[in-house]
Amino acid sequence: MKLSINKLLARCLILALGVFGFSLSTTALAVDSYRYAHVTIETPWMIFLFLLVIVLMPFIVMAILYWRYAFQKEKPEAPDVE
């Protein structure tokens, strides 16, 4: 099976990028993760408020849409012509 020079270069480039990416990821995994995490008493509250907004957002949208369409006047139906 013959490979063209373009396919061979593409495979070498992909392999080089993969090896380079793997070497970066192992370096990143070696760093102590708690060194950069500044967890204070405010952190759980921020997480709680963030999740609260995500959970309540559908209910807020439902209320807005209900009020928008509930107060519109009903359109008269077209008479049936037979």
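Our subject is the structure listed above.
Predicted model only: the values in this text are computed from it and were never measured. (Residues numbered from 1 in each chain as written. Predicted model: local features only at pLDDT ≥ 70, side-chain atom pairs only at ≥ 80, totals over all residues. Heavy atoms only, no water.)

Which parts of the structure should I look at to understand the overall build of the protein?
Tallying secondary structure elements over the protein gives two helices and zero strands in all. Of all 82 residues assigned to the protein, the portion counted as buried reaches 0%. (Helix = DSSP H or I, 4+ residues; strand = E, 2+ residues; numbered from the N terminus. Buried < 20%, exposed > 50% of the residue type's maximum accessible area, 1.4 Å probe, protein only.)

Is there a simple way to think about the packing of aromatic side chains in this case?
Two measures describe an aromatic ring pair: the distance that separates the ring centres and the angle between the ring planes. Applying the stated rule across the entire model yields one aromatic pair. Seen in terms of ring centroids, Trp45 and Phe48 are 5.9 Å apart; in terms of plane orientation they differ by 90°. Their pairing is edge-to-face. Here Phe48 and Trp45 lie together in helix α2 (residues 42–70), a separation of three residues that amounts to about one turn. (Phe/Tyr/Trp six-rings, centres within 6.5 Å; stacked < 30°, edge-to-face > 60°.)

Is there a simple way to explain α2 in this structure?
Think of an α-helix as 3.6 residues a turn; residues three or four steps apart then line up on the same face. Look at α2: 41 Å from first C-alpha to last across 29 residues, which is about the 42 Å you get at 1.5 Å a residue. At Leu56, α2 shows its largest bend, some 40°, and a proline, Pro58, comes one to four positions later. (Expected span 1.5 Å × (residues − 1). Bend = angle between axes of the 7 residues up to and from the residue.)

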